[in-house]
Amino acid sequence: MKFTYESYKNLLNTLKIHGYQSAFYHNWQDFEKCAILRHDIDYEMEMAPYMANIEREKGVFSTYFVMVTSDFYNIFSIKNTQIVKLVYNMGHEIGLHFDETAYPDIMGNSEEIIKKINKEAKLLEQVIEAPVTTVSMHKPSLEILNANLEIPGMINSYEKVFFRDFKYVSDSRRNWKEPIERYIENEEYSYLHILTHPFWYHNVEQTLHDTIHRFISNGNKQRYETFDFNFSRLDDVMKENADYLIDSKGQ
Ligand SMILES: [Zn+2]
C-alpha cells in the first residue's frame, strides 16, 4: 500500500466492499464485522484534516488521538484548537494520546499514570468542549502495556480486547509490517483495529526520509512566522538572513 491519499481512499473502499463498517471504541460490539480506524497525531496537527475529510466523504468515522504534552505542537494554540475542532465537527472522535515519558518519576506506576491520564483528558475536553473518553499510549513502558489499565470513565485502546478480539495492524515508522489489504480482501478477521498516522500520507508518495526532512525544514518557517507575530518589525532585523524561509520541497 502506498502512502498516498489515493491509496488510503482505496483502503476505505476495500473495507466497504468487504462489509467492514467503521466503529468507535465505544460501539464495536454493535457490529458483526467492523474496523476501528485510529490515528495517532505524534508530530503535526496540520495533516489530520486531510485524512479526516477523506473519511467523512467516504462516510466512515475514526478516532484521532492528540497529545497535550508534545514539544511539536500546542493543542491550546488557536491554530491547533481550530484544527482539532474541525476534525471533531466532521463526526470523528477525539481521544487522548498519552505520553508516559512526560512523567519520568512515575513511569510504570499504574495508579499514578491513571491520575495523569484523567488530568490530561480534562485538559483536552476544554479544547474540544466535549467529553474525552478514549486514550491511546505513545511509547508506553512494558509495565503499562502489560497492566491492561482500566481507567474510570475512559476506554483504553491498549486494553487486551483490542488486540485479542481484533486483528491489529499499523503503519508505525511508515511501514506496514503485515499485509493489511490482503487481510481485508480475504475477510480473514471480523474485527480489524487499524492504526494510521496522517503524517506519512501525501498526494504524491514521499520517502520516509523526505517526509521527516520536510517537517524539520519547514519548522524554520513556522518559527519565523510565530516570532513575527510576537515581535514587531521582525523583517527589519532578519530579512537579510531569511534564506531558511524558503519552503522545503515536497509538500
Ligand atoms: Zn504516538
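This is a predicted model, so every value here is computed, not measured.

Conventions used here
- Residues numbered from 1 in each chain as written.
- Predicted model: local features only at pLDDT ≥ 70, side-chain atom pairs only at ≥ 80, totals over all residues.
- Helix = DSSP H or I, 4+ residues; strand = E, 2+ residues; numbered from the N terminus.
- Buried ≥ 20, exposed ≤ 12 C-beta atoms within 10 Å, placed from the backbone.
- Contact = placed C-beta atoms within 7 Å.
- Expected span 1.5 Å × (residues − 1).
- Arc of directions from axis to C-beta.
- Domains from an automatic or database assignment.
- Pairing = 2+ DSSP bridges.
- Axes fitted to C-alpha atoms, helices over the stretch in contact; angles between N-to-C directions.
- Left-handed = near helix turned anticlockwise from the far one by under 90°.

Colleague: Explain the overall build of the chain here, please?
Modeller: Along its length, the chain carries nine helices and eight strands. Put simply, the chain has 251 residues, and 31% of those count as buried. Considering only contacts in the chain between residues 6 or more positions apart, those separated by 24 or more positions represent 70%.

Colleague: How do you make sense of helix 1 (residues 5–17) when you look at a structure like this?
Modeller: Side chains of residues three or four places apart in an α-helix project in the same direction, reflecting 3.6 residues per turn. The end-to-end C-alpha distance of helix 1 is 18 Å, a good match for the 18 Å that 13 residues give at a rise of 1.5 Å each. Of the positions making up helix 1, those classed as buried are Y8, L11, L12 and L15. The buried residues of helix 1 occupy an angular sector of 95° when projected down its axis, which confines them to one face. Along helix 1, the residues that are exposed and aim more than 90 degrees away from the buried face are N13 and I17. Against strand 2 (34–40), helix 2 (48–58) and helix 7 (180–186) lie the buried residues of helix 1. Backbone geometry just after helix 1 places G19 at a positive phi near 80°.

Colleague: What is the right way to look at the domain arrangement of the chain in this model?
Modeller: Accessible area lost during the coming together of the parts is what is often quoted as the interface size. Assigned domains of the chain: these are domain 1 (5–200) and domain 2 (208–245). Here the C-alpha centroids of domain 1 and domain 2 sit 31 Å apart.

Colleague: Is there a simple way to think about the pairing of strand 8 (residues 191–196) in this case?
Modeller: Successive side chains on a regular strand alternate, one facing one side of the sheet and the next facing the other. Buried residues dominate strand 8, accounting for five of its six residues. In this structure, strand 2 lies alongside strand 8, joined through six bridges in parallel fashion. By the bridge assignment for strand 8, I36 is matched with H193. Direction of pairing for strand 7 (residues 167–170) relative to strand 8: parallel, over a ladder of four bridges.

Colleague: What am I meant to see in the packing of helix 1 against helix 2 here?
Modeller: Relative orientation and spacing of two packed helices are given, respectively, by the angle between their axes and the distance between those axes. Where helix 1 meets helix 2, the closest approach of the two axes is 10 Å, and the angle between their N-to-C directions is 35°. Both helix 1 and helix 2 take part in a crossing whose hand is right-handed. Across the interface between the two elements, Y5, Y8, K9 and L12 of helix 1 pack against Y50, M51, I54, E55 and K58 of helix 2.

Colleague: Hey, could you run me through unusual backbone geometry in this one?
Modeller: Peptide bonds are mostly trans, and most non-glycine residues show a negative phi. Located in the positive-phi region is K139, a residue other than glycine, with phi close to 50°. For K139, the location among the structural elements is in the loop between strand 5 (134–138) and helix 5 (142–147). K139 gets classed as exposed once you count the C-beta atoms within 10 Å, which come to 10. Phi is positive for R233, which is not a glycine, with a value near 55°. Summarising the element assignment, R233 is placed in the loop between helix 8 (208–230) and helix 9 (234–238). Residue classification places R233 among the exposed residues on the basis of 8 C-beta atoms within 10 Å.

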